[in-house]
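Here's the letter readout for the chains.
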Amino acid sequence: MATEVVQAEVVARGKDSSQLIQVLLELQRRKRWLSEADLMTVSAELDVPLTQVYHIATFYKAFSLVPKGEHTIAVCLGTACQVRNAPRLLDRVIETFGVKPGQTSSDMRFSLETVNCLGCCALGPVMNIDGTYYSKPSTEELERLAAAE
Ligand code: FES
């Protein structure tokens, strides 16, 4: 993301250091990750120490310091899903989407993460893609999702 875009976001927030998290959230939303250059620009523009910017950017899971895929897949490995064969679902997701947990596919379409509960344990095993939930997805459904634009 161009430095000008980062600067514009900071200006839109009134160059107010109390808006640090909001600035980072907006940059994360627009770019799907925060580069070192982004953090340095935010630090300079908001006059906040770079260590503090890094602290915030690494503390919250909402922020990523590495490029993320266009879509985020979360597979639940919580206890209720574990006993309903969540590891097998994870294996099928890895195979179908071509991405491993904690990584992004080479075409930058999908990032995969595992979570401890998605809040709908009775539907397990469960996964979601960009916030849409899938209960016990079949192999055909996974293939359809992987092929969708
Ligand atoms: S343990 Fe999987 S949704 Fe709760």
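Described in the following lines is the structure provided in the data block. Being a predicted model, the structure only gives us computed values, none of them experimental. (Residues numbered from 1 in each chain as written. Predicted model: local features only at pLDDT ≥ 70, side-chain atom pairs only at ≥ 80, totals over all residues. Heavy atoms only, no water.)

Focus: the sheet that holds strand β2 (residues 110–115)
One open sheet holds the four strands; their spatial order is β2-β1-β3-β4, and the pairing between them is mixed. What marks the edges here is a single partner per strand, and that holds for β2 and β4 (132–135). Across this sheet, the average inter-strand angle for adjacent strands is 20°, counted without regard to direction. Both strand β3 (residues 126–129) and β4 contribute to a ladder of four bridges, which runs antiparallel. Its bridge partner lying in β4, valine 126 is registered against serine 135. (Pairing = 2+ DSSP bridges. Helix = DSSP H or I, 4+ residues; strand = E, 2+ residues; numbered from the N terminus. Axes fitted to C-alpha atoms, helices over the stretch in contact; angles between N-to-C directions.)

With respect to helix α3 (residues 36–46)
Of the residues making up α3, those classed as buried are Asp38, Leu39, Thr41, Val42, Ser43 and Leu46. Looking at the buried side of α3, the elements it contacts are α1 (3–12), α2 (20–31) and α4 (50–59). (Buried < 20%, exposed > 50% of the residue type's maximum accessible area, 1.4 Å probe, protein only. Contact = heavy atoms within 4.5 Å.)

Focus on the packing of α2 against α4
Between α2 and α4, the least distance of the axes is 11 Å, while the angle of their chain directions is 60°. It follows that α2 is oblique to α4 by the angle criterion. Judged by the sense of rotation from one axis to the other, the crossing of α2 with α4 is right-handed. Contact residues: Leu20, Ile21 and Leu24 in α2; Gln52, Val53 and Ile56 in α4. Classifying every residue of the contact of α2 with α4 by side-chain character gives five nonpolar, one polar and no charged. (Parallel < 35°, antiparallel > 145°, perpendicular 65-115°, else oblique. Left-handed = near helix turned anticlockwise from the far one by under 90°. Nonpolar A, V, L, I, M, F, W, Y, C, P; charged D, E, K, R; others polar.)

Regarding the packing of aromatic side chains
Given two aromatic rings, one states the distance between the centres and the angle between the planes to describe the pair. Summed over all chains, the structure comprises three aromatic pairs. Ring centres of phenylalanine 59 and tyrosine 60 lie 4.9 Å apart, and the angle between their planes is 85°; this geometry places the pair in the edge-to-face category. You can call tyrosine 60 partly exposed: its relative accessible area is 36%. With a centroid separation of 4.8 Å and 80° between ring planes, the pair formed by phenylalanine 97 and phenylalanine 110 is classed as edge-to-face. You can see phenylalanine 97 sitting in helix α6 (residues 86–97) and its partner phenylalanine 110 sitting in strand β2, a full 13 residues away along the chain. As far as the burial class goes, phenylalanine 97 and phenylalanine 110 line up, both buried. Members of the aromatic cluster, joined through ring pairs, are Phe59, Tyr60 and Phe63. (Phe/Tyr/Trp six-rings, centres within 6.5 Å; stacked < 30°, edge-to-face > 60°.)

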